[in-house]
Amino acid sequence: GDVKCQHQAHQHNPLFTHQYIHTIATAMKTSLAALLLFLGHASAGGPELSLTVKDGTSGGLTSAITPKLAYKRSHSGVNVGASIDHDLSKTAFVEKKLDISGWNLRTHAEYSEGIYPYDSEGQRGVYLTVEVKNEDENTFAWASGDVSLSPNAELLKLGAKRVFNMDSGIKLMVEPRYNFEKEGGPDVVLGVEKVHDDESDTRVYLTASQKDQNLMIQHTRDATTASLKAGISNGFMRASLKQDFENIGSLKATLTSKDVDLELSQDGWKAGVSVDLEGLSLESEPTVRFSKTLSFSA
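A quick note: this is a predicted structure, and the numbers were derived from the prediction, not measured.

J.: Can you help me understand the overall build of the chain in this one?
T.: A count of helices and strands for the chain gives 3 helices and 18 strands. By the burial criterion, 29% of the 298 residues in the chain qualify as buried. Within the chain, contacts between residues separated by at least 24 positions form 30% of all contacts whose residues are at least 6 apart in sequence. Within the structure as shown, the chain displays about 18300 Å² of accessible surface, and the carbon and sulfur contribution to it stands at 57%.

Here is the structure:
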């Protein structure tokens, strides 16, 4: 249940009454300026400005430079923050972690405007996440949903995971989950992980649902990671090879049924090239991209 997953606003599975939804949405609808002002008084530091320079699609300055002002602070076990982008889209979040009788609980609420496709004016809404795990970190559960200012509330994801440590050094994993944003009902992930004597590791994951079953195999040794994913219905899906170099950074090659992609990244730099395999001809041209992110703290 990562909060950076795609957010959708649906019209089914209402969770709360409209009066209760309106109360939550009104409480979360805090002014970004007020939040930044509060954080500025509460923190000894200052805001962070991140500037991303990338290849512009239209050749203009606005398409090539995307500044973002962000602020984060932790106090008494509570993390709060806010950000505003170059296009005036905004976010504000609050996160709390608790230890309760051997279980670690994390709750996260993020209010945003103009970022995710909520069905409200200004695309305003709140994304809520609750995660829990035990101290041994072999049992996990999570749930997430959103509240838009229409008002409307939706349950988006539910899941749980159990890890079994075997005497042979093998880990077995069972992960049932339900994504309400996708058709096909729930799916189950079965995983096997093995750390070898040379400290390399192999991971195998089988994902089964009503629509399809797919298998992913991943092997990591030293600075090299290779993976392959294929499904019963879809056949070959993806293959990738990642190599970390000391001087030039990380190089990753990815092959799918639709394209080939090569990306190099290091210290905020990213450069890549991709070739579309669908309709490939002698006149086809690769797509080249690059970006560099710089961060400045006041």
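Moving on from the coordinates now.
J.: When you look at a nonpolar patch on the surface in this model, what are you seeing that I'm missing?
T.: Taken together, the side chains of F164, M166, L172, V174, V188, L190, V192, L206, L215 and I217 define a hydrophobic patch exposed on the protein surface, amounting to about 730 Å² of accessible area. Residue assignment for the nonpolar patch shows that the elements contributing at least two residues are β9 (170-179), β10 (187-195) and β12 (213-221). The topology assignment puts L215 in strand β12.

J.: Could you clarify how one ought to interpret the confidence of the model for the chain in this entry?
T.: Atom-level detail of predicted coordinates should not be read off regions where pLDDT is low. Taken residue by residue, the chain gives an average pLDDT of 81. The fraction at 70 or more is 81%. In this model, residues 1-45 is a region of pLDDT below 50 whose contacts with residues beyond four sequence positions or in other chains number 85 contacts.

J.: It is not clear to me how the packing of aromatic side chains should be interpreted in this structure. Could you clarify?
T.: Pairs of aromatic rings are described using the distance from one ring centre to the other and the angle between the two planes. Going through the model one piece at a time under the given rule, you end up with 2 aromatic pairs. Against the face of F140 rests K161, its NZ or CZ located 4.8 Å from the ring centre.

J.: Please explain the environment of W269 as it appears in this structure.
T.: Take W269: it is sitting in strand β17 (residues 269-276). On a C-alpha basis, the gap between W269 and G249 in space is 9.3 Å, while along the polypeptide they are 20 residues apart. The contact partners of W269, leaving out residues within four places of it in the chain, are L264, S291 and K292.

J.: What's the story with the side chain of R106 in this structure? I'm lost.
T.: Tracing the sequence through the fold places R106 in strand β5 (residues 103-113). There is a polar contact of 2.5 Å between the side chain of R106 and the side chain of E95.

About the thresholds
Residues numbered from 1 in each chain as written. Predicted model: local features only at pLDDT ≥ 70, side-chain atom pairs only at ≥ 80, totals over all residues. Heavy atoms only, no water. Helix = DSSP H or I, 4+ residues; strand = E, 2+ residues; numbered from the N terminus. Buried < 20%, exposed > 50% of the residue type's maximum accessible area, 1.4 Å probe, protein only. Contact = heavy atoms within 4.5 Å. Areas by Shrake-Rupley, 256 points an atom, 1.4 Å probe, with all protein chains shown as cover. Patch = residues over 30% accessible without salt bridge, like charges linked within 9 Å, V, L, I, M, F, W, Y side chains within 5 Å. Salt bridge = Lys/Arg side-chain N within 4 Å of Asp/Glu carboxyl O. pLDDT = per-residue confidence, 0-100. Phe/Tyr/Trp six-rings, centres within 6.5 Å; stacked < 30°, edge-to-face > 60°. Lys NZ or Arg CZ within 6 Å of the ring centre and 35° of its normal. Polar contact = N/O pair within 3.5 Å; in protein donor to acceptor, adjacent residues only side chain to side chain.

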